[in-house]
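A closer look at the structure
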Amino acid sequence: MAGHSKWANIQHRKGRQDAKRGKIFTRLIKEITVAAKMGGGDVNMNPRLRLAVEKAKAESMPKDNIENAVKRGTGQLEGVDYVECRYEGYGIAGAAVMVDCLTDNKTRTVADVRHAFSKYGGNMGTDGCVSFQFKHCGYLVFAPGVDEDALMEAALEAGADDVVGSDDGSIEVITGPYEFTDIKATLEAKGFKAEMGEVTMRAENDTELSGEDAARMQKLLDALEDLDDVQDVYTSAVLDE
């Protein structure tokens with residue numbers, strides 16, 4: 001783990017995400033629609049939809065927006081027919097990159113993703129070339145200074161898969177993807193509020209980048225995240241600011 005830069009990297013990433021809040025609703029509506037289409041409109045019977053709705057509520061999305069997205073997914077309202085696609089490749093210094101998209105035009109999307117990779121120093125690879133380096137999971141990040149022993153006991157009792165400490169004092173709680181919401185609520189009820197948390201594809205190993213390499217990698221990640229069809233970008237890169 002990149003202990004010396006982990007906490008700063010997480011804070012930097014969170015700040016960049018907050019700066020892009022204008023796109024968050026659009027992406028959440030797409031995810032809710034597809035989740036409802038794939039697994040039905042009942043959040044109690046559809047874990048993916050439940051996660052999407054919880055995230056939308058956390059971002060203060062209006063209830064009507066959520067309900068209409070579900071109805072579009074189940075066919076009660078007309079809407080765009082999105083399909084899922086994932087693209088994989090390599091960034092600066094071989095850092096693994098995985099790009100998840102929801103699109104109504106795969107030809108456009110793959111061209112846009114390939115262009116971003118090539119323009120900013122990366123290489124788009126074949127299916128499966130880096131996905132094995134990532135694990136689908138939930139994770140919660142706690143700031144340095146949290147009582148690690150108490151947090152570990154509470155997290156493991158709540159059903160977390162692992163608790164990982166960094167050299168900088170920050171702590172990550174790893175959960176199953178569909179247990180994330182319940183574990184987060186349980187820990188908050190016990191006084192442990194995470195600085196950041198999400199269900200993600202977490203890199204099993206970090207690729208540390210600094211200086212010019214880190215700056216180039218950030219440009220690649222920004223270019224990918226700015227594409228309209230992109231939902232999420234995952235990377236093994238840890239950028240030392």
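Quick notes on the rules
- Residue positions are given per chain, counting from 1 as you read along its sequence in written order.
- Two thresholds apply to this predicted model, a pLDDT of at least 70 for residue-level local features and 80 or more for giving and counting side-chain atom pairs, whereas whole-chain, interface and lining totals are computed over all residues.
- As a rule here, side-chain values cover all heavy atoms of the structure and leave hydrogens and water aside.
- UniProt positions are given in the numbering used here, feature names are shortened, and annotations may be inferred rather than shown by experiment.
- Helix numbering and strand numbering both begin at the N terminus, where a helix is a DSSP run of H or I of at least 4 residues and a strand a DSSP run of E of at least 2.
- What makes a salt bridge here is a side-chain nitrogen of Lys or Arg within 4 Å of a carboxyl oxygen of Asp or Glu, nothing more.
- We call a residue buried when its accessible area falls under 20% of the maximum for its residue type, exposed when it is over 50%, and partly exposed in between, using a 1.4 Å probe and counting protein chains only.
- Segment limits for the domains were obtained from an automatic or database-derived domain assignment.
- When checking whether two residues touch, look at their non-hydrogen atoms; a contact exists if any pair is within 4.5 Å.
- Polar contact criterion, stated in full: a pair of N or O atoms within 3.5 Å, where within protein one must be able to donate a hydrogen and the other to accept it, and residues adjacent in sequence count only if both atoms are side-chain atoms.
- If DSSP finds at least two bridges between two strands, the strands pair.
- With axes taken as lines fitted to C-alpha atoms, and helix axes fitted only over the stretch in contact, angles between N-to-C directions fall between 0 and 180 degrees.
- This arc describes the spread of directions from the helix axis toward the C-beta atoms.
- Take the number of residues in a helix, subtract one, and multiply by 1.5 Å to get its expected span.
- The scheme is simple: roughly parallel for angles under 35 degrees, roughly antiparallel for over 145, roughly perpendicular for 65 to 115, oblique for anything else.
- Crossings are assigned a handedness: left-handed for a near helix turned anticlockwise from the far helix by less than a right angle, right-handed for a clockwise turn.
- Under the grouping applied here, Gly and all other residues not named as nonpolar or charged are polar, the nonpolar ones being Ala, Val, Leu, Ile, Met, Phe, Trp, Tyr, Cys and Pro and the charged ones Asp, Glu, Lys and Arg.
- Residues forming no salt bridge and having over 30% relative accessible area are the ones grouped into patches, like charges within 9 Å of each other and nonpolar side chains (Val, Leu, Ile, Met, Phe, Trp, Tyr) within 5 Å.
- Values of accessible area rely on a 1.4 Å probe in the Shrake-Rupley scheme; residue burial ignores everything except the protein chains shown.
- Neither His nor the chain ends contribute to the count of charged residues, in which Lys and Arg are positive and Asp and Glu negative.
- By convention, charge coordinates are those of NZ in Lys, CZ in Arg, CG in Asp, or CD in Glu.

A word on the UniProt feature "domain: TACO1/YebC-like second and third" (unreviewed entry) in the chain
In this structure's numbering, the residues bearing the UniProt feature "domain: TACO1/YebC-like second and third" (unreviewed entry) are residues 82-236. Secondary structure content for residues 82-236 is 32% helix and 35% strand, and the end C-alpha separation is 27 Å.

What to know about the pattern of salt bridges
Taken as a whole and assessed by the stated rule, the structure comprises 15 salt bridges. A salt bridge links Glu 188 to Lys 184; the shortest N-O distance between them is 3.1 Å. Of this pair, Glu 188 and Lys 184 both sit in helix 7 (residues 180-189), four residues apart, which is roughly one turn of that helix. Residue class for Glu 188 comes out partly exposed when judged on its relative accessible area of 34%. Through salt bridges with shared partners, one network takes in Lys 30, Asp 104, Arg 108 and Asp 229.

What to know about the domain arrangement of the chain
Considered domain by domain, the chain is made up of domain 1 (6-74), domain 2 (84-124 + 205-239) and domain 3 (133-203). Each partner contributes residues to the interface: domain 2 has seven residues there, and domain 3 has five residues. Here domain 2 and domain 3 share zero salt bridges between them. The tally of links between domain 2 and domain 3 comes to one residue pair in polar contact (both at pLDDT 80 or more). Listing elements by their share of the side of domain 2 that touches domain 3, those giving two or more residues are strand 2 (96-103) and strand 9 (230-235).

Topic: the sheet that holds strand 4 (residues 134-142)
Pairing in this open sheet of four strands is antiparallel, and the strands run 5-6-4-7 from one edge to the other. In this open sheet, the two edge strands, each paired with only one partner strand, are strand 5 (162-165) and strand 7 (196-203). Averaged over all adjacent pairs, the angle separating strand axes in this sheet is 30 degrees, with direction ignored.

Regarding the environment of Gly 211
By the secondary structure assignment, Gly 211 is in helix 8 (residues 211-225). Along the primary structure Gly 211 and Leu 239 are separated by 28 residues, whereas in three dimensions their C-alpha atoms are 8.6 Å apart.

Section: helix 6 (residues 148-158)
For helix 6, the set of buried residues is Leu 151, Ala 154 and Ala 155. Buried residues in helix 6, looked at end-on, bunch into an arc of 95 degrees, giving them a common side. Exposed side of helix 6, more than 90 degrees from the buried face: Asp 149, Glu 153 and Glu 157 are the residues found there. Those residues of helix 6 that are buried lie in contact with strand 4, strand 5, strand 6 (171-175) and helix 7. Its side-chain oxygen 3.2 Å from the backbone nitrogen of Asp 149, Asp 147 forms the N-cap of helix 6. Positioned one or two residues after helix 6, Gly 159 has a phi angle of 110 degrees, which is positive.

What to know about helix 3 (residues 47-58)
Residues lying three or four places apart along an α-helix face the same way, a consequence of the helix completing one turn every 3.6 residues. The first and last C-alpha atoms of helix 3 sit 16 Å apart over 12 residues, in line with the 16 Å expected at 1.5 Å per residue. Buried residues of helix 3: Leu 49, Leu 51, Ala 52, Val 53 and Ala 56, and no others. Looking at the buried residues of helix 3, the elements they touch are helix 2 (24-39), helix 4 (63-74), helix 7 and strand 7. Where helix 3 ends, the next residue or the one after it, Ser 60, has phi of about 60 degrees, a positive value.

Points about the packing of helix 5 (residues 106-119) against helix 8
The contact between helix 5 and helix 8 brings their axes to 9 Å, and the two run at 165 degrees. Considering their axes alone, helix 5 and helix 8 lie roughly antiparallel with respect to each other. The hand of the helix 5/helix 8 crossing is right-handed. Contacts from Val 113, Ala 116 and Phe 117 of helix 5 reach helix 8 at Leu 220, Ala 223 and Leu 224. Of the residues that constitute the contact of helix 5 with helix 8, the class distribution is six nonpolar, no polar and no charged.

Observations concerning a negative patch on the surface
A cluster of like negative charges, contributed by Asp 147, Glu 148, Asp 149 and Glu 153, occupies part of the molecular surface. You can see Asp 147 is positioned in the loop between strand 4 and helix 6. By relative accessible area, which is 47% here, Asp 147 ends up partly exposed.

A short note on the sheet that holds strand 2
With antiparallel pairing, four strands are arranged side by side in an open sheet as 3-1-2-9. Strand pairing shows two members of the sheet lacking a second neighbour, strand 3 (123-124) and strand 9, which therefore form its edges. Of the strand pairs in this sheet, strand 1 (residues 83-90) and strand 3 are connected by two bridges, and their pairing is antiparallel. Within strand 3, the position partnered with Tyr 90 by the bridge is Asn 123. Seen against the sheet, helix 2 touches strand 1, strand 2 and strand 9 and runs at an angle of roughly 95 degrees to strand 9. Of the strands in this sheet, strand 2 and strand 9 touch helix 8, which is tilted by about 155 degrees from strand 9.

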